[in-house]
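Examination of the molecular architecture
Take a look at the letters that make up each chain.
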Amino acid sequence: MSFDYDDQNVFAKILRGEIPNDTVLETEHSLAFRDIRAQAPVHVLVIPRGRYVSFDHFAQEASEAEIVDYVRAVGEVCRMEGVKDDGFRLIANAGKHGVQEVPHLHVHILAGRSLGRMLAPA
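Report follows, based on the coordinates. (Residues numbered from 1 in each chain as written. Predicted model: local features only at pLDDT ≥ 70, side-chain atom pairs only at ≥ 80, totals over all residues. Heavy atoms only, no water.)

**Brief notes about the environment of I91**
Filter applied, for reference: Numbering of helices and strands runs from the N terminus, with a helix taken as a DSSP run of H or I at least four residues long and a strand as a DSSP run of E at least two residues long. Partly exposed residues are those whose accessible area sits between 20% and 50% of the maximum for their type, while under 20% is buried and over 50% is exposed, using a 1.4 Å probe and protein chains only. Contacts were defined at the residue level, with two residues in contact if any of their heavy atoms lie within 4.5 Å.
Within the secondary structure, I91 is located in strand 4 (residues 88-91). On the basis of relative accessible area, I91 is assigned to the partly exposed category, the value being 28%. Between the alpha carbons of I91 and R34 there is a distance of 14 Å; along the sequence they are 57 residues apart. When sequence neighbours within four positions are dropped, the list of residues in contact with I91 reads H106, V107, H108 and L110.

See the structure below:
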């Protein structure tokens, strides 16, 4: 997979303030906001502020400070949303087969109801 970053993607526009969002958490290297097409009672997206296409791109090229900040931001959102007791799901899609819709790393935090099986049987 190529790591060519498209700076016109919707998350890049959100980071530049061109598109509004319902912010949950802002840190030096991360932004978390509510998904406008929520698939569960809790559906928060967490994105890095850097130009990273996917999780593997981020893991290979992000600084230690960015990685620590991002992982802690995910944990803080889970704490803030109160999802640890009943459980939650993290999803990070990558590439065509992963059905990634926006070419900017993002983790979906989904919770608030039973989410069913991870994948439907083939």
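There is more to say, and it comes next.
**Quick look at the side chain of E66**
Here is the rule: Counted charges follow a simple rule, with Lys and Arg positive, Asp and Glu negative, and His plus the chain ends left uncounted. Criterion for a salt bridge: a side-chain nitrogen of Lys or Arg within 4 Å of a carboxyl oxygen of Asp or Glu.
Residue position: E66 is located in helix 3 (residues 64-81). Here E66 occupies a buried position and makes no salt bridge, while the nearest side chain of opposite charge, R49, is found at 9.4 Å. Once residues within four sequence positions are removed from consideration, E66 is found in contact with H29, G50, Y52 and F58.

**Comments concerning helix 3**
Convention followed: Working rule for helices: expected span equals 1.5 Å times residues minus one.
Between its first and last C-alpha atoms helix 3 spans 26 Å; for 18 residues at 1.5 Å apiece the expected length is 26 Å, and the two agree. All of the buried residues in helix 3 are E66, D69, Y70, A73, V74, V77 and C78. Among the residues trailing helix 3, G82 stands out with phi positive, at a value near 65 degrees.

**Considerations on the pattern of salt bridges**
According to the stated counting rule, one finds seven salt bridges in the structure shown. E18 is the salt-bridge partner of R16, the closest N and O atoms lying 2.8 Å from each other. Relative accessible area serves as the criterion here: at 40%, R16 is assigned to the partly exposed category. The exposure class of E18 is partly exposed, given its relative accessible area of 48%. As a salt-bridge pair, D85 and K84 come within 3.8 Å of each other at their nearest N and O atoms. With relative accessibility at 67%, the residue D85 sits in the exposed group. The exposure class of K84 is exposed, given its relative accessible area of 66%. Among the charged side chains, a network of salt bridges with common partners joins D22, R34 and E81.

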